[in-house]
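Single-letter residue listing:
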Amino acid sequence: MTKSELIQRLAEQNPHLYLRDIEKIVETIFEEITAAMVRGDRVELRGFGAFSVKHREARTGRNPRTGETVHVEAKRLPFFKTGKGLRERLNGEG
Amino acid sequence: MDSRTITRADLAEAVYEEVGLSRNESSELVETVIEEISDALITGGNVKISSFGSFSVKEKGERIGRNPKTGVEVPISPRKVLVFRASHVLKDRINGKA
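1. Re the packing of aromatic side chains
Thinking step 1. Summed over all chains, the structure comprises 11 aromatic pairs over all chains.
Thinking step 2. With centroids separated by 5.5 Å and ring planes inclined at 85°, the aromatic side chains of Phe51(A) and Phe84(B) adopt a geometry described as edge-to-face. Highlighted residues: Phe51(A) in strand 2 (residues 49-56) and Phe84(B) in strand 6 (residues 79-86), drawn from two different chains.
Thinking step 3. Look at Phe55(B) and Phe84(B): their rings are 4.9 Å apart centre to centre, the planes differ by 40°, and that puts the pair in the tilted class. One end of the pair, Phe55(B), is in strand 3 (residues 53-60); the other, Phe84(B), is in strand 6, with 29 residues separating them in the sequence. The two residues Phe55(B) and Phe84(B) agree in class, both being buried.
Thinking step 4. Here the aromatic cluster, defined as three or more aromatic residues joined through ring pairs, consists of Phe30(A), Phe48(A), Phe51(A), Phe80(A), Phe52(B), Phe55(B) and Phe84(B).
Thinking step 5. Positioned above the aromatic ring of Tyr18(A), the side-chain terminus of Arg20(A) is 4.7 Å from the ring centre.
Thinking step 6. The ring of Tyr16(B) has Arg23(B) sitting right over it, with the charged end atom 4.1 Å from the ring centre.

Calculation rules
Residues numbered from 1 in each chain as written. Chains lettered and ligands numbered in written order. Predicted model: local features only at pLDDT ≥ 70, side-chain atom pairs only at ≥ 80, totals over all residues. Heavy atoms only, no water. Phe/Tyr/Trp six-rings, centres within 6.5 Å; stacked < 30°, edge-to-face > 60°. Helix = DSSP H or I, 4+ residues; strand = E, 2+ residues; numbered from the N terminus. Buried < 20%, exposed > 50% of the residue type's maximum accessible area, 1.4 Å probe, protein only. Lys NZ or Arg CZ within 6 Å of the ring centre and 35° of its normal.

Put into C-alpha cells, the structure is as follows:
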C-alpha cells in the first residue's frame, strides 16, 4: 500500500470528507511524526510502535574495497520499534 | 535537550488545527490511519509512505536460542517481524540537511 492508496481507502470510508482534506490529514500525521524526530522527540503509538532517534558518534571507517580510512561524521538515525499489539497481530496472536 | 513523547493525542491535535474537523473526528481519523496501515501489514502487504519511509514484514525462520540465565537451549519458532526503512528525505531532515 502506498500513501495514495491509503488516501483512497480513507476517502472510501469517509465519503463526507473532501479528498483534499484527507490528503491533508495524512500529510499532517507524517509531518508531525517527522517534526518530532527532527526535534529529537519520541513518538509513541501504543499498539502500533514507537519512532525514536538514535545517535551515532563520529568514527573512522574504512573503505572495504581500497582499505583507505575515511572519517564518518556523527549522525542521527530514525528508528522504529514495533509495538506489542502489532507484533502479536502479525503473528496471529492478537 | 528536553525530549518529550508525542502520542496519538498530539497527532489528533495537529489534524484538528490543520484541517478544521472536530476534535473527535480528528482523533478518529488518526486512529483509522494507524489501523489501515496495521491491516495492510497484517494481510501481508508492505506500506510505502513517500518521503517518510516504508514498512515491510519479514519472515524469520526457526532458530535455536539460549536462555542467557540458565544456558538451556530453546527453539525460537518462526515468526514475522516488522521492519521500518526510513526514506532519505526523513534521514536528511533528521540530520538538518533539508
